[in-house]
Amino acid sequence: MSSRRTALAAALLCAVPAAPLFAQDTPIEQGVRIGITYTPGLRPGILVLGGARSVELDSARAILRRDLLLSDHFEMITLPGGDSLLLGLTGAPSEGEPEQATGPADPFVNYSLYAALGADYAVALLVDDSVSARVAVYDVRGETVRRELPLALKSLDDPDFRMSVHRTADEVVRAATGEPGFAASRVLYVRQGRLWRVDSDGEDRAPVTPPGVTTFSPTWGPSGRRIAYAELEGGWGRLMVGSPDSGGFQAVPPTVELLNFAAAFSPDGGVLAFSRSGDEGTDVYAYNLAQDCCLQRLTVGRFSDNLSPTFSPDGRQIAFVSTRPGLPQIYVMAADGTGQELFAPFDWGVTGSSHAPEWSPDGTRLAFHRDVQGSPQIFIMDARSRAVRQLTSAGRNEDPTWAPDGRHIAFISMRTGRRQIWVIDVETGRVRQLTNVGETRLPAWSPRLPEP
Amino acid sequence: MKFKLATTLGIAAMVVAAACGGGQPEEVAPQPDPDSIAREQARRDSLAREQARRDSIARARRLEEERVRREREEAARREREITVAVVAIFEEHVNFDFDKYNIRPGIDTERLEKKLAIMQANPALEMLIVGHADERGSDEYNMALGMRRALAAKNWLVDRGIDGNRIAVRSMGEEQPVDPRSNEEAWAKNRRNEFAVAAGGRVLVRPAGM
């Protein structure tokens, strides 16, 4: 029995499914090492168990499993005979399927089998009644229930169905790793002038603005309940603030004239910093949304441009792009505009121009893109040491935006020939494609989204 | 046969009698007054002459009006032709090098010189400059770059004496390419300033020597 189990485990470990979209970004530069060391096998194994069957439950398990995979925290373990999840909708039990896949609501937890398969955690969806369920996270090595999370069972056509599973998946990640995942989040992007949103797993694409309105540079408010974007018309741009779900967008009063774009909310949501272009070039301004007053000019460029502000998560600093060194580079200032200085170091005449900074949610890092031999590439900088690291090198990669876990970055890549949103795991360098529609631009990743 | 002939004649006689209004008493026509006939005739002749005189004046006036109208139309047409030609020169794009906003010597400077002359010859004319960028470079930075390009052309004109209040600047970044392809030729066309008449362009004068 024991030897059979070991052999089985070995076979399964070899067959750990590699998601087809995944690939390693190719960091090949002579004498330059890009990326960090990634040792497979150090990630904990996780297993999503079968259980009571229904369309909702099978969908919820599939979403949960995919969220755990996309979190990049785990090695996904499958049970012998293939996972029943994907076959669940057909109702046909697969060959060799263990009894708990179709068993009662509270499955028999076979810790020793899961341990032999390499799992550190097992996750089960337990049904209490028709509207409520629990997600149990088992500590396989400790042979205990680590955490039980409530899950409201919504019907498949409830618009919050997927997001409610995503929120639970993020808590499963927290139970296993101490930090929540990023599944309950969305990415805004611009496609053919229209603002769209897509869930963090690439599902549920939907337009946010009506057709015929030309939108630009979307950004999220800290609560995830408000967004801002620029609406372009005749060479001017006004900033609109409203809900990503119900709309109701209103123009920010001082932005109804001149070209206003690339806005960023302060962490408390009270201030909107943005770029404003006119007869004096482009500079960073701030407007007090909370008091609906007080347009303040934070930079005075004269012969240089200053744009694309991003707040540090403590609200004290703003990083931005400035052309004062000739080429655009990343600068930083206090939130009141004082103490402006170079932020991301560069070599005169060697380093290409740098753009689109975004502060990481934990404040320790800054993502931006920088021209490397004529192609933009994604970089991150340690905010304290100011050490800069290149993350991508395949094709053109630009406009990075942080996932709420502070570990993943979405960006626009031309590697397939079209501008699409890709996601990179900063820890491992693994990349996956998020969208595969038309030409997408200007992604903005939300914070973790609250319940509606 | 004889009876038939008599019947036929009888019917014919009745028809003739009916045609001559037979059976009704004949009215006595009033005797005309020769003087009144002459007066009436004179009055009618006088009216006809007056009418002819008036018609002739009206015709002459119509012809004159027609001639003036034609002349005006012709002048307006020439004016429009000139205006259209001047606007076409006014609207010629000025192009830029990649990630640059300096006005290049050569054709771009020549085009601005023509725009300068048009602005000088037409003091009421106001100009809108919209700067554009190619698709390379950051989308947000290209907004600022487009504005720099528009400002470069505005400042060039202001430096040569045009009132800055007559020139408005805008930028569309890389949002509106004239050529959607992704190659050097398209990019070169897309890095441009577009010029439009903002006001005072209904009738334009051609500057001397253009």
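Below, the structure is looked at part by part. All values reported here derive from a predicted model rather than from experimental measurement. (Residues numbered from 1 in each chain as written. Chains lettered and ligands numbered in written order. Predicted model: local features only at pLDDT ≥ 70, side-chain atom pairs only at ≥ 80, totals over all residues. Heavy atoms only, no water.)

**Re the nonpolar core**
Then step 1. Membership of the largest hydrophobic core comes to 75 residues, with the highest contact counts inside it found for F261, L272, F343 and L366 of chain A together with I103, M127 and I129 of chain B.
Then step 2. A per-element tally of this core places helix α4 (residues 139–159) of chain B first, with 11 residues.
Then step 3. In contact with L366 of chain A, other than residues within four places in its own chain, are T310, A319, I330, F343, P357, E358, W359, F379, I380, M381 and W402 of chain A.
Then step 4. I63, L68, V123 and V165 of chain A belong to the second largest nonpolar core, which has 26 residues in total. (Core = buried A, V, L, I, M, F, W, Y, C linked by side-chain atoms within 4.5 Å. Buried < 20%, exposed > 50% of the residue type's maximum accessible area, 1.4 Å probe, protein only. Helix = DSSP H or I, 4+ residues; strand = E, 2+ residues; numbered from the N terminus. Contact = heavy atoms within 4.5 Å.)

**Observations concerning the environment of T435 of chain A**
Residues and elements named next belong to chain A.
Then step 1. You can see T435 is positioned in the loop between β29 (430–433) and β30 (441–445).
Then step 2. Separated by 13 residues in the primary sequence, T435 and W422 have C-alpha atoms spaced 7.2 Å apart.
Then step 3. With residues near it in sequence (within four places) discarded, T435 still touches Y189, V198, Q420, I421 and T440.
Then step 4. Polar contacts involving the side chain of T435 include one to the side chain of Q420, which spans 2.7 Å.
Then step 5. Polar contacts involving the side chain of T435 include one to the main-chain amide nitrogen of I421, which spans 3.0 Å. (Polar contact = N/O pair within 3.5 Å; in protein donor to acceptor, adjacent residues only side chain to side chain.)

**Re the packing of aromatic side chains**
Then step 1. Evaluated as defined, the whole model comprises nine aromatic pairs over all chains.
Then step 2. Centre to centre, the rings of F182 of chain A and W445 of chain A are 5.4 Å apart; their planes meet at 90°, and the pair counts as edge-to-face. Of this pair, F182 of chain A sits in the loop between α4 (161–177) and β7 (186–191) while W445 of chain A sits in strand β30, and the two are 263 residues apart along the sequence. Residues F182 of chain A and W445 of chain A agree in their burial class; the two are buried.
Then step 3. Seen from the ring of W196 of chain A, R191 of chain A lies directly overhead, with NZ or CZ sitting 5.8 Å from the centre.
Then step 4. Its end group placed over the ring of W187 of chain B, R136 of chain B keeps NZ or CZ at 3.9 Å from the ring centre. (Phe/Tyr/Trp six-rings, centres within 6.5 Å; stacked < 30°, edge-to-face > 60°. Lys NZ or Arg CZ within 6 Å of the ring centre and 35° of its normal.)

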